[in-house]
Amino acid sequence: DAGVTQSPTHLIKTRGQQVTLRCSPKSGHDTVSWYQQALGQGPQFIFQYYEEEERQRGNFPDRFSGHQFPNYSSELNVNALLLGDSALYLCASSLEQGRIYNEQFFGPGTRLTVL
Amino acid sequence: AQSVTQLGSHVSVSEGALVLLRCNYSSSVPPYLFWYVQYPNQGLQLLLKYTSAATLVKGINGFEAEFKKSETSFHLTKPSAHMSDAAEYFCAVSDKRGGSNYKLTFGKGTLLTVNP
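Rules used throughout
- Residues numbered from 1 in each chain as written.
- Chains lettered and ligands numbered in written order.
- Predicted model: local features only at pLDDT ≥ 70, side-chain atom pairs only at ≥ 80, totals over all residues.
- Heavy atoms only, no water.
- Helix = DSSP H or I, 4+ residues; strand = E, 2+ residues; numbered from the N terminus.
- Rg over C-alpha atoms; globule rule 2.2 N^0.38 Å.
- Buried < 20%, exposed > 50% of the residue type's maximum accessible area, 1.4 Å probe, protein only.
- Contact = heavy atoms within 4.5 Å.
- Areas by Shrake-Rupley, 256 points an atom, 1.4 Å probe, with all protein chains shown as cover.
- Phe/Tyr/Trp six-rings, centres within 6.5 Å; stacked < 30°, edge-to-face > 60°.
- Lys NZ or Arg CZ within 6 Å of the ring centre and 35° of its normal.
- Polar contact = N/O pair within 3.5 Å; in protein donor to acceptor, adjacent residues only side chain to side chain.

Right, let's talk about the overall build of chain B for a bit. Per the secondary structure count, chain B includes zero helices and eleven strands. Along chain B, helices (α) and strands (β) appear in the sequence β-β-β-β-β-β-β-β-β-β-β when read from the amino end. Against the compact-globule benchmark of 13 Å for 116 residues, chain B has a radius of gyration of 14 Å, which places it among compact chains. In terms of its C-alpha atoms, chain B occupies a principal-axis envelope of roughly 45 × 30 × 20 Å. Burial statistics for chain B: of 116 residues in total, 46% are counted as buried. Summarising the internal contacts of chain B: among those between residues at least 6 apart in sequence, 59% fall at separations of at least 24. When the accessible area of chain B is evaluated, it comes to approximately 5,300 Å², of which 51% is carbon and sulfur surface.

Structure follows, in structure tokens:
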């Protein structure tokens, strides 16, 4: 089991550009969450996808959007990049079973640098 | 709204000494509480979680934490530090009513250094 995988590992973009980050969940998981971790900070929740729909959203602008595919993999898109978008982007996957607690497993992250 | 405060952005201990990392939370609803560890250039790994009535929670690598509702605290401890414990530690809270997949709210983290 490869666990949660993310690509690319590192990415360098310039202001105003657009970026797409990808996440493959752990085998058997159907829910994907995205977090932004700025340098020296804790991760901040961006949004969560379940059944190909955005189910929860944190306090991030509409420049941040996502998608979940039928195979449960997910993409995070950021438009009109700002310097402040430079961060480690973490993907977490889990299995939805209502009130049964299931751990969220995190991937290694994608390091985005905006110049 | 939920929030987490981790007291001390950097804690330094000697190998074999007690590790104590402090976490206080704010939540108007019954919380789930978590401790995660992050090694350099890696993602987050769950150390332990509080999701039920058992207030003393044991996790991996000898760590444990105690949920104290009256103090709104969830401090992480380990009796004897090992060099391999050096990492960043994050406390997180989630809304239990939202189910197991509700969003996690993290603290700013505590960097643990272990000196030989």
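Right, let's get into the packing of aromatic side chains. This model, assessed by the stated rule, comprises 15 aromatic pairs over all chains. With a centroid separation of 6.2 Å and 35° between ring planes, the pair formed by Phe 34 of chain B and Tyr 36 of chain B is classed as tilted. Ring geometry for Tyr 50 of chain B against Phe 67 of chain B: centres 4.2 Å apart, planes inclined by 20°, an arrangement best described as stacked. One end of the pair, Tyr 50 of chain B, is in strand E5 (residues 44-50); the other, Phe 67 of chain B, is in strand E7 (residues 64-68), with 17 residues separating them in the sequence. Each of the two residues, Tyr 50 of chain B as well as Phe 67 of chain B, counts as buried. Cluster of aromatic residues (ring-pair linked, three or more members): Tyr 35, Phe 45 and Phe 106 of chain A together with Tyr 32, Phe 34, Tyr 36, Phe 90 and Phe 106 of chain B. The residue whose ring lies beneath Lys 26 of chain A is Phe 105 of chain A, and the NZ or CZ to ring-centre distance is 5.0 Å.

Glancing now at the side chain of Thr 31 of chain A. Structurally, the position occupied by Thr 31 of chain A is in strand E4 (residues 31-37). Side chain to side chain, Thr 31 of chain A and Asp 30 of chain A meet in a polar contact 2.9 Å long.

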